[in-house]
Every structure is written in structure tokens, then in C-alpha cells.
Amino acid sequence: AQKVTQAQTEISVVEKEDVTLDCVYETRDTTYYLFWYKQPPSGELVFLIRRNSFDEQNEISGRYSWNFQKSTSSFNFTITASQVVDSAVYFCAVRGSSNTGKLIFGQGTTLQVKP
Amino acid sequence: DSGVTQTPKHLITATGQRVTLRCSPRSGDLSVYWYQQSLDQGLQFLIQYYNGEERAKGNILERFSAQQFPDLHSELNLSSLELGDSALYFCASSSRDGSFTDTQYFGPGTRLTVL
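Residues numbered from 1 in each chain as written. Chains lettered and ligands numbered in written order. Predicted model: local features only at pLDDT ≥ 70, side-chain atom pairs only at ≥ 80, totals over all residues. Heavy atoms only, no water.

Visitor: Looking at this structure, how should I read the environment of B:Leu61?
Guide: All names here are of chain B. Considering the arrangement of structural elements, one finds Leu61 in the loop between strand E6 (53-57) and strand E7 (64-68). Classification of Leu61 by relative accessible area gives partly exposed; the value is 41%. A C-alpha to C-alpha distance of 9.9 Å links Leu61 and Ser79, two positions 18 residues apart in sequence. (Helix = DSSP H or I, 4+ residues; strand = E, 2+ residues; numbered from the N terminus. Buried < 20%, exposed > 50% of the residue type's maximum accessible area, 1.4 Å probe, protein only.)

Structure (C-alpha cells):
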């Protein structure tokens with residue numbers, strides 16, 4: 001079975017602070033993909049990043065960066081210099097080779113960025 | 001905007017009723033997925049269709065059914081509705097072969113309220 005744990009239910013920061021959202025996954029598949037999605041207050045789910053299990057290089061996209069560590073089964077997401085518009089629920093998800101259809105989502109982390 | 005459209009945006013109905021949720025995938029995408037997001041269950045995969053055929057099934061109740069039409073749009077039918085069916089229902093689509101390597105792009109969701 002596959003599982004994603006986002007231990008941080010809610011995080012509150014002040015604008016311009018850096019914040020890291022933790023994600024720990026479980027899968028028996030040797031080939032799998034990891035994802036992050038953002039759900040702003042308006043409700044839609046916005047794709048942020050996809051990473052495959054063979055690529056442990058960290059990725060940076062503007063103020064966003066992702067740290068994938070296979071040894072600890074973690075795929076953490078850091079927002080640098082947070083902004084009020086970053087306030088949202090963030091979901092980490094896994095999809096393995098034994099699992100053609102579904103994304104397995106974590107419970108989500110609610111990030112509140114205060115001005 | 002992901003390019004996935006869902007109608008209606010909101011739906012309010014009574015217990016015992018039947019509703020149909022509609023999804024149009026991104027142009028060219030052959031695979032459609034349905035998810036349910038509720039407070040107690042989080043984001044749960046319901047079902048996947050690929051080019052008109054059912055590809056994978058998740059925790060979909062027998063009272064629920066779906067199909068994908070030749071023009072690739074999909075409908076999710078929910079019948080004998082119960083209070084517990086109140087949730088946000090998402091449709092997603094992907095462009096390649098519908099396998100675990102695909103990235104799923106989500107629509108804005110349909111919020112169903114059962115009174």
C-alpha cells in the first residue's frame with residue numbers, strides 16, 4: 001500500500017519568512033512519482049511539481065524549492081520569502097508503478113502567511 | 001487555469017436525489033480521473049477512464065457511476081444521495097497514456113451539498 005504523511009496540519013508565518021512543508025511517503029514500488037499540489041482558498045487544485053523516483057536532484061522554481069531524499073522517503077517543499085498569496089492548503093501525493101490510476105494524497109498542510 | 005472544466009460549480013440537492021457532474025478534459029487529453037474531497041476522508045480517488053474505457057477503480061460507492069463519452073468528456077452520476085456525500089468533487093485529466101507517469105491536471109471542482 002502507498003501512503004503519504006504530512007505531519008504539519010497548519011503552519012502560520014509572517015510575510016517574508018521562509019517556510020518548509022514536510023512530506024513523507026511510503027511505497028513498495030521501485031518506480032514512482034511524487035507530486036505537490038496547491039489548493040488556494042478559491043478551491044481549485046493547482047499542479048506545482050512532479051518528480052520521479054530516479055531523480056533526486058533538488059529543484060528550484062522562483063521562490064519554490066523541493067528537496068527529495070530517497071533515503072528518508074521525504075519530498076519537502078520550501079517557500080522562500082513567503083507572500084500572502086502563498087496562503088493555501090498544500091498537498092503532497094505519490095503515484096507508483098503498481099497504481100496506474102490514482103494519486104495517493106496526504107492530508108494537506110494549511111499555510112497561512114500573515115502580512 | 002488548467003484547461004479542465006467542470007459543471008456545475010455548485011450543486012445543492014436533497015437526500016435520495018440523483019445528480020450528474022460533468023467534466024471536459026484539456027484539449028487532447030484522453031484520460032479522465034474523478035476524486036472526492038471531504039473533511040473526514042481527504043482527497044480520495046474514485047475512478048479513471050482512458051479513451052472511453054474504465055482503466056482503474058478506487059473507493060467508488062455502488063451508488064456512484066461514471067462514463068467517458070466519444071468526445072472524451074466525462075460524467076459522474078451520484079444517486080440515492082446521502083448527507084455524507086456532501087463534498088468537493090474534482091475531475092482531472094492527463095495527456096499521455098494514463099499510466100502512473102502522467103501528470104494529472106485538475107478542474108475547479110463541483111461542490112455538492114446534500115440537505
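From this point, the discussion proceeds with the structure in view.
Visitor: Explain the pattern of salt bridges to me, please; I cannot follow it from the model alone.
Guide: Residue and element names in this part refer to chain B. Inspection of the entire model under this criterion finds 7 salt bridges over all chains. For Arg26, the salt bridge is made with Asp29, and the minimal N-O distance between the two is 2.8 Å. Between Glu82 and Arg63 there is a salt bridge whose closest N-O contact spans 3.7 Å. Here Arg63 lies in the loop between E6 and E7 and Glu82 lies in the loop between strand E8 (74-78) and strand E9 (87-94), a separation of 19 residues in the sequence. (Salt bridge = Lys/Arg side-chain N within 4 Å of Asp/Glu carboxyl O.)

Visitor: Where do I start with the interface of chain A and chain B in this structure?
Guide: One widely used convention gives an interface's size as the accessible area the parts lose upon coming together. Contacts between chain A and chain B engage 22 residues on the former and 24 residues on the latter. A buried area of about 1,800 Å², summed over both sides, lies between chain A and chain B, and 58% of it is on carbon and sulfur atoms. At the boundary of chain A with chain B, the tally comes to 0 salt bridges. Our enumeration of links across chain A and chain B arrives at 6 residue pairs in polar contact (both at pLDDT 80 or more). Breaking the side of chain A that touches chain B down by element, the ones donating at least two residues are strand E5 (32-39), strand E6 (46-52) and strand E10 (88-96) of chain A. (Contact = heavy atoms within 4.5 Å. Buried area = accessible area lost by both parts, 1.4 Å probe. Polar contact = N/O pair within 3.5 Å; in protein donor to acceptor, adjacent residues only side chain to side chain.)

Visitor: Would you mind showing me how to read the sheet that holds strand E3 (residues 19-24) of chain B here?
Guide: Strand pairing in a sheet takes place through backbone hydrogen bonds and is either antiparallel or parallel in direction. All names here are of chain B. In spatial order, the strands read E1-E3-E8-E7; together these 4 strands make up an open sheet with antiparallel pairing. Strands at the two margins of the open sheet, each flanked by one partner only, are strand E1 (5-7) and E7. When the angles between neighbouring strand axes are averaged without regard to direction, this sheet yields 15°. As judged from the 3 bridges shared by E1 and E3, these two strands associate in the antiparallel manner. Looking across to E3, one finds that Thr7 is bridged to Arg22. (Pairing = 2+ DSSP bridges. Axes fitted to C-alpha atoms, helices over the stretch in contact; angles between N-to-C directions.)

Visitor: Mind showing me how you'd approach the layout of surface pockets here?
Guide: Taking a probe equal in size to a water molecule and rolling it over the atoms shows the remaining empty space. Put simply, the largest pocket is a space of about 450 Å³. Forming the walls of the largest pocket are 23 residues, and the residues nearest its centre are A:Gln39, A:Phe91, B:Gln37, B:Ser38 and B:Leu39. Broken down by secondary-structure element, the contributors of at least two residues to the lining of the largest pocket are E10 of chain A together with strand E4 (31-38), strand E5 (42-50), E9 and strand E11 (110-114) of chain B. The element that contributes the greatest number of residues to the lining of the largest pocket is E10(A), accounting for 3 residues. Residues that form the lining of the largest pocket fall into these classes: 10 nonpolar, 11 polar and 2 charged. (1 Å grid on protein atoms, 1.4 Å probe; cavity = no way out; pocket = protein on both sides within 12 Å on 5 of 7 lines; lining within 4 Å. Points joined across faces, edges and corners; volume = space filled by probe spheres on them. Nonpolar A, V, L, I, M, F, W, Y, C, P; charged D, E, K, R; others polar.)

Visitor: Would you mind going over the packing of aromatic side chains with me for this structure?
Guide: Both the distance between ring centres and the angle between the ring planes are used here to describe each pair of aromatic rings. The full count for this structure, using the stated rule, is 20 aromatic pairs over all chains. Ring geometry for A:Tyr37 against B:Phe106: centres 5.2 Å apart, planes inclined by 85°, an arrangement best described as edge-to-face. Of the two residues, A:Tyr37 is situated in strand E5 and B:Phe106 in strand E10 (residues 105-106); the pairing between them involves two chains. Residue class for A:Tyr37 comes out buried when judged on its relative accessible area of 0%. Judged by relative accessible area, which is 2%, B:Phe106 ranks as buried. Connected via pairs of aromatic rings, a cluster forms that spans A:Phe35, A:Tyr37, A:Phe47, A:Phe91, A:Phe105, B:Tyr35, B:Phe45, B:Phe90, B:Tyr105 and B:Phe106. The ring of B:Tyr50 has B:Arg55 sitting right over it, with the charged end atom 4.5 Å from the ring centre. (Phe/Tyr/Trp six-rings, centres within 6.5 Å; stacked < 30°, edge-to-face > 60°. Lys NZ or Arg CZ within 6 Å of the ring centre and 35° of its normal.)

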